[in-house]
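# Report on the structure
These are the residues of each chain, in order.
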Amino acid sequence: NRQLTLAARPKGAPTQSDFALQETAIPTPSQGEVLLRTVFLSLDPYMRGRMSDAKSYAEPVSLGQTMVGGTVSRVHQSKHPDFNVGDWVLSYSGWQDYALSNGEGLIKLDPTQAPPSYALGVLGMPGFTAYMGLLDIGEPKPGETLVVAAATGAVGAMVAQIGKLKGCHVVAVAGGQDKCSYALDNLGVDACLDHKADDFAEQLANACPNGIDVYFESVGGKVLDAVLPLLNTGARIPVCGLISQYNATSLPEGPDRLGQLMGTILIKRMTVKGFIIFDDYGHRYPEFAKDMAQWLKDGKLHYREQIEDELDQAPNAFIGLLQGENFGKLVIRVGED
Ligand code: NDP
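Residues numbered from 1 in each chain as written. Predicted model: local features only at pLDDT ≥ 70, side-chain atom pairs only at ≥ 80, totals over all residues.

For the protein, an unreviewed UniProt entry supplies the name NADP-dependent oxidoreductase and the organism Oceanisphaera pacifica.

And the structure:
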């Protein structure tokens, strides 16, 4: 049983040596348990937070502990009345080949309805995040301008497309021309801008002639700086993530802009609201699951995954995720399905 554990707490960007690969015996299920074989492991930005012992909304991973993470797994052995060998389940097995479960929290998946790995993306946590953050906090209305950061990623691509379904003028922001071409061709956005361009702020102003009504915040930093002066009165900002800061070891250089931010919130009477998806919206999962599955079935949502082979590639892929190297929802294929 290969397991990737946390070997050291990263200082700044994680490196390979912050992870350790260990082999242990495959565990045996007791009565009432199942042995799960990990087929797909989801890699997500929040895992950077779990590697740190800074105070957060969830407990950190301990040194030497297997890294946590959502998985799509198959039942390999069952001593549980509700599960049969071969069943597909959504689990939280972490970065390892096999895990034991007493069945609590496992969600059975039907592979005839959608590819099982979709439960880690469009039909799972990232899709749910996009759906609730945009619809409940962003409250997009037809004709409004919605700006979406990290727009080709797991969350952003769904925000952009749901925004179009709700009739918004959607301006996507992504890293590089390839991602922008993809967003224009497949996500149906009205414009896509490369945040690495020198004149990004000017391009954003040109793409938002009527200002910005909703900014779906996932990155912070330079993108937020460019968005701030363009926000309209009554603008809404669902604060979903701040990925440009996750590896930061100090405050950004330059003048303190907190006064400018608070002044804009006041003058524009803005709603800026953070949320942690399952803590705040767990009870609304059914409405998300119903709408999203229907949109997907109707061909209204385009979904892109980046599937990398082999568990031992997880650290590298994760390090890349925090630098924009992924293109689509990042998933590791750990075992055979
Ligand atoms: P993505 O699939 O979007 O991958 C991360 C993307 O972030 C990269 O591809 C890159 O896109 C962008 N990025 C990475 N580093 C930087 C940087 N330094 N500056 C600017 N952009 C950067 O990830 P997810 O869709 O899974 O997550 C998106 C955001 O949503 C994250 O902030 C995450 O923490 C947050 N989130 C929050 C949840 C909640 O409950 N609040 C739940 C799930 C996710 P590009 O190349 O286009 O810049």
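## Some words on the site of the ligand
How we decide: Near residues are defined by distance alone, with the backbone-placed C-beta atom required to lie within 6 Å of the molecule or strand. Under the grouping applied here, Gly and all other residues not named as nonpolar or charged are polar, the nonpolar ones being Ala, Val, Leu, Ile, Met, Phe, Trp, Tyr, Cys and Pro and the charged ones Asp, Glu, Lys and Arg. For every domain, the bounds stem from an assignment made automatically or drawn from a database.
Near the ligand there are 31 residues, and of these Gly153, Val155, Gly175, Gly241 and Gly324 occur at the shortest range. Per-class residue counts for the shell around the ligand are 15 nonpolar, 13 polar and three charged. Residues lining the shell around the ligand come from more than one domain, with at least three contributed by each of domain 1 (2-121 + 304-333) and domain 2 (125-278).

## Quick look at the pairing of strand β14 (residues 305-309)
Keep this limit in mind: What makes two strands pair is DSSP finding at least two bridges between them. Strands are runs of DSSP state E lasting at least two residues, helices are runs of H or I lasting at least four, and both sets are numbered from the N terminus onward. With the strands aimed away from the viewer, a crossover counts as right-handed if its path from the first strand over the helix to the second runs clockwise.
In this sheet, strand β15 (residues 329-333) lies alongside β14 in parallel orientation, the contact comprising five bridges. Paired with Glu305 across the strands is Lys329, a residue of β15. What joins β14 to β15 is helix α10 (residues 314-321), and the crossover it makes is right-handed.

## Observations regarding the confidence of the model for the protein
Counted only if it meets this: What pLDDT expresses is the predictor's confidence in each residue, scored from 0 to 100.
Taken over all residues, the pLDDT of the protein has a mean of 97, while the share at 70 or more is 100%. What the predictor reports for the complex is a pTM of 0.96 with an ipTM of 0.98.

## Re the environment of Ala20
Note the cut-off: In this description, a residue-residue contact is defined by the distance between C-beta atoms placed from the backbone, which must lie within 7 Å.
Tracing the sequence through the fold places Ala20 in strand β2 (residues 19-23). Ala20 sits 292 residues away from Asp312 along the chain, and the two C-alpha atoms are 9.5 Å apart. The residues touching Ala20, leaving out its near neighbours within four places in the chain, are Thr5 and Ala7.

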